[in-house]
Amino acid sequence: MTKVRLATLAALFFAPWLFLVGVGGYHLWDRGWWFWAWWPMCLSFGLAYFLAYRWTRGRGLLPDTDQPPPNYWTDRDKAAWELVQAKARAYAAVSADQLGDPRHYTEIALDLSEKVSAIYAPGSATPIDHLTIPEILACVELAAADLDELVRKYLPGSHMLRVRDYQRARQAADWYRTGQNVYWAGSTLLNPVEGGLRWLATRYGLGNLVDRLQGNVLLWVHTAFVHQLGHYLVEMNSGRLKVGVKRYRELIAAHLAPPMQADLAPPDAPEQPAPTTTPPAATRTGIAVLGPVKAGKSSLVNALLGQQAATVDTLPVPHVGVRYNLSLNGTSPVTILDTAGYGQDGANEAEFAAATKASTEADLILFVTPATNPGRRADVDLLDRLKAWFAERPQLKLPPVIAVVNQIDLLSPKAEWAPPYNWPTGTRPKEVTIRDCVAAVREQLGSRVIAVVPVCARGGDAFGIKEGLVPAVAAQLDDARGAAVLRAFHAEAEADQWKRVGAQVLEGGKKALGILWGNLKK
Ligand SMILES: Nc1nc2c(ncn2[C@@H]2O[C@H](COP(=O)(O)OP(=O)(O)O)[C@@H](O)[C@H]2O)c(=O)[nH]1
Ligand SMILES: [Mg+2]
């Protein structure tokens, strides 16, 4: 569902309530009942403040992140875990600055790994010299995955907020506070008693509570980090990660599963029919990625698939490259064929054959060319040869070609990379060079391509993919295929984001109710 639709639903849903609030308020005032209604409402607010204040006093608001030690842990493991818990408790508060500072985590990680390994390998010169590299990587991977799961589960919207956004939010709060102080100062001049009282109320009421809530959440993230890392440091030092992440997870799952389950599986279950991974060609949307070696074709494919990686299966195509089959429920599948590409001097026979094979099976070609390449002779040649090859075979049709100008981050000014860039009309130096580069490519490739899209496919820094390339791709296909592509690469993720926020709010609400219930029982 689109954001607009969600907003419409929300507006329709809340309008009657707002109407009732308005009418009710007016009625109370009209009847002169306002005075009597006022006290219970105040009491209700007051109670809310009081409880919120109490619950944010400890670390209480979010669930504890230190699971009780698993029953297979030895006394030595438990001793190490004590150290981890002590480390987590050592931070009574973390500032947003610390939270955003990678060095802070590095220091904690180093300190923790020293403490834990001192228990397992007392003589070690460094905390890791008794470990293998796969073990260390497994520890990092497991801790990161668990932390990720916790954060996604309990912090609504965390997958949409960048660290930068948290910092901005803090700044906005500071501005708000400054503005508020100015306002209080002004109103105190006019009405000293009331102004003063209100200032006190905000100072020790709402503002303070917001700070406490924020502090609580930051501390929770921080504590979760220490606990997850600590947990896997124990697992690593005890040698349990030697089996690798995959096997470790299987073993833990088996350990946690109720023992009955294994027995229930029929010993000789009939073999499942092999899943049909390649659906009939007619229903598939095929995209071929062509271009010179090192242009960033594979990076582009990764950027396109991004978070969908889990629903993708890959299939090597001999002499051509790798095919990625992406199938989502409810839409026709999309496949991307990543080719090996050709060298600087142009495509040799084998490379050209690969390009023709990839093109004959595609509905669309993404032709990747590096932005910093001044000459595009080899590219122009390849496109001309393809065109001629298809012209000789009237039963086949050369699909439309979109030129993807990659690595625009390397255009001057080189040191700068601060997307998003409004390259079609912007005036920042980078925007101007991107625009010039796109114009140059358009001129060089001419009518061989139907569109030129600048992108940066470098992992983590990607730009221009979802906002530029995906819509351009969808626009070149017929409606059904275009929709499938949009959904596969773009709209699906967007729609999903809102669904996930909903699930997180629910999850958080359930937890809050649980905590409330727990407190009431005390
Ligand atoms: N700076 C920068 N490097 C990139 C970008 N895209 C890919 N690369 C790098 O270029 C190199 C070649 O990329 P790869 O995807 O393997 O190219 P392929 O041979 O065309 O598949 C790798 O080192 C990538 O990290 C980009 O947009 N910017
Ligand atoms: Mg490649």
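This text follows the structure it describes.
What this report covers is the structure whose coordinates are included nearby. Please read all numbers here as calculations on a predicted model, not as lab measurements.

## Overview of the overall build of the protein chain
- Within the protein chain, the secondary structure is distributed over 17 helices and seven strands.
- Considering the protein chain as a whole, with its 522 residues, one finds that 34% of them fall into the buried category.
- A fraction of 70% describes how many contacts in the protein chain between residues 6 or more apart in sequence connect residues 24 or more apart.
- With the model as given, the accessible surface of the protein chain reaches about 30,800 Å², and the carbon-plus-sulfur share is 63%.

## Some points on the site of ligand 1
- Taken together, 15 residues sit near ligand 1, with K294, K297, S298, S299 and D409 positioned nearest.
- A distance of 2.8 Å is found between an oxygen atom of ligand 1 and a backbone nitrogen or oxygen belonging to K294.
- Within the side chain of D409, an N or O atom sits 2.8 Å from a nitrogen atom of ligand 1.
- Surface burial for ligand 1 is 74%, taken as the share of its 570 Å² of free accessible area covered by protein chains.
- Broken down by class, the residue content of the shell around ligand 1 amounts to six nonpolar, five polar and four charged.

## Structural notes on the packing of aromatic side chains
- Applying the stated criterion across every chain, the model contains 12 aromatic pairs.
- Centre to centre, the rings of W417 and Y421 are 5.2 Å apart; their planes meet at 45 degrees, and the pair counts as tilted.
- The class of Y421 is buried, set by a relative accessible area of 5%.
- Cluster of aromatic residues (ring-pair linked, three or more members): F13, F14 and W17.

## Here's the deal with the pairing of strand β6 (residues 401–406)
- Extensive coverage of β6 is indicated by the burial of six of its six residues.
- Burial along β6 is two-sided: the residues V401, A403 and V405 and I402, V404 and N406 are all buried.
- Pairing between strand β5 (residues 364–370) and β6: six bridges, direction parallel. By the bridge assignment for β6, T369 is matched with V405.
- You can see the chain leave β5, run along helix α14 (residues 377–391) and come back into β6, and the turn it takes is right-handed.

## A word on the pairing of strand β3 (residues 321–326)
- Counted residue by residue, β3 has five buried out of six residues, so it is predominantly covered.
- With antiparallel pairing between neighbouring strands as the criterion, strand β2 (residues 312–317) and β3 make up a hairpin whose turn holds three residues, including H319 at a positive phi of roughly 70 degrees.
- Of the strand pairs in this sheet, β3 and strand β4 (residues 334–339) are connected by six bridges, and their pairing is antiparallel. Paired with L326 across the bridge in β4 is V334.

## Describing helix α6 (residues 133–154)
- With 22 residues, α6 should cover 32 Å at 1.5 Å per step; its first-to-last C-alpha distance of 32 Å lies within 8% of that length.
- The complete set of buried residues in α6 reads E135, A138, C139, L142, A143, L147, L150 and Y154. For α6, the arc enclosing every buried residue in end-on projection is 150 degrees, short of the 170-degree limit, so these residues lie on one face. Residues I133, P134, L137, V140 and E149 are exposed on α6 and point more than 90 degrees away from its buried face.

## Focus on the sheet that holds strand β7 (residues 451–454)
- Read from one edge to the other, the open sheet built from seven strands follows the order β2-β3-β4-β1-β5-β6-β7, with strand pairing classed as mixed. Two strands close off the open sheet at either side, each with one partner strand: β2 and β7. In this sheet, neighbouring strand axes are inclined to one another by 20 degrees on average, regardless of whether the strands run parallel or antiparallel.
- Note: strand β1 (residues 285–290) against β4, five bridges, orientation parallel. Its bridge partner lying in β4, G286 is registered against T335.
- Lying on the sheet, helix α12 (residues 297–305) is in contact with β1, β2, β3, β4, β5 and β6; it crosses β4 at an angle near 160 degrees.
- Sitting on the sheet, helix α13 (residues 349–360) is in contact with β1, β2, β4 and β5, with an inclination near 160 degrees to β1.

## Re the packing of α12 against helix α16 (residues 465–476)
- Closest axis-to-axis distance for the α12/α16 pair is 11 Å, and the angle between their directions is 95 degrees. Comparing their axes, α16 and α12 come out roughly perpendicular. The segment α12 lies against α16, with L300, A303 and L304 engaging I465, L469 and V470.
- In terms of residue class, the contact of α12 with α16 is built from six nonpolar, no polar and no charged.

## Quick look at the pattern of salt bridges
- A complete count under the given rule lists 17 salt bridges for this structure.
- Across the pair K115 and D111 runs a salt bridge whose closest N-O atoms are separated by 2.8 Å. Of this pair, K115 and D111 both sit in helix α5 (residues 102–120), separated by four residues, roughly a single helical turn.
- For K115, a relative accessible area of 36% corresponds to the partly exposed category.
- Using a relative accessible area of 22% as the deciding quantity, one classes D111 as partly exposed.
- Across the pair E361 and K357 runs a salt bridge whose closest N-O atoms are separated by 3.0 Å.
- Taking relative accessible area as the criterion, K357 reaches 38% and is therefore assigned partly exposed.
- In the salt-bridge network here, residues are joined through shared partners; they are D77, E235 and R240.

Here is what the cut-offs are and how they apply
Residues numbered from 1 in each chain as written. Chains lettered and ligands numbered in written order. Predicted model: local features only at pLDDT ≥ 70, side-chain atom pairs only at ≥ 80, totals over all residues. Heavy atoms only, no water. Helix = DSSP H or I, 4+ residues; strand = E, 2+ residues; numbered from the N terminus. Buried < 20%, exposed > 50% of the residue type's maximum accessible area, 1.4 Å probe, protein only. Contact = heavy atoms within 4.5 Å. Areas by Shrake-Rupley, 256 points an atom, 1.4 Å probe, with all protein chains shown as cover. Near = heavy atom within 4 Å. Polar contact = N/O pair within 3.5 Å; in protein donor to acceptor, adjacent residues only side chain to side chain. Nonpolar A, V, L, I, M, F, W, Y, C, P; charged D, E, K, R; others polar. Phe/Tyr/Trp six-rings, centres within 6.5 Å; stacked < 30°, edge-to-face > 60°. Pairing = 2+ DSSP bridges. Right-handed = clockwise from strand over helix to strand, strands pointing away. Expected span 1.5 Å × (residues − 1). Arc of directions from axis to C-beta. Axes fitted to C-alpha atoms, helices over the stretch in contact; angles between N-to-C directions. Parallel < 35°, antiparallel > 145°, perpendicular 65-115°, else oblique. Salt bridge = Lys/Arg side-chain N within 4 Å of Asp/Glu carboxyl O.

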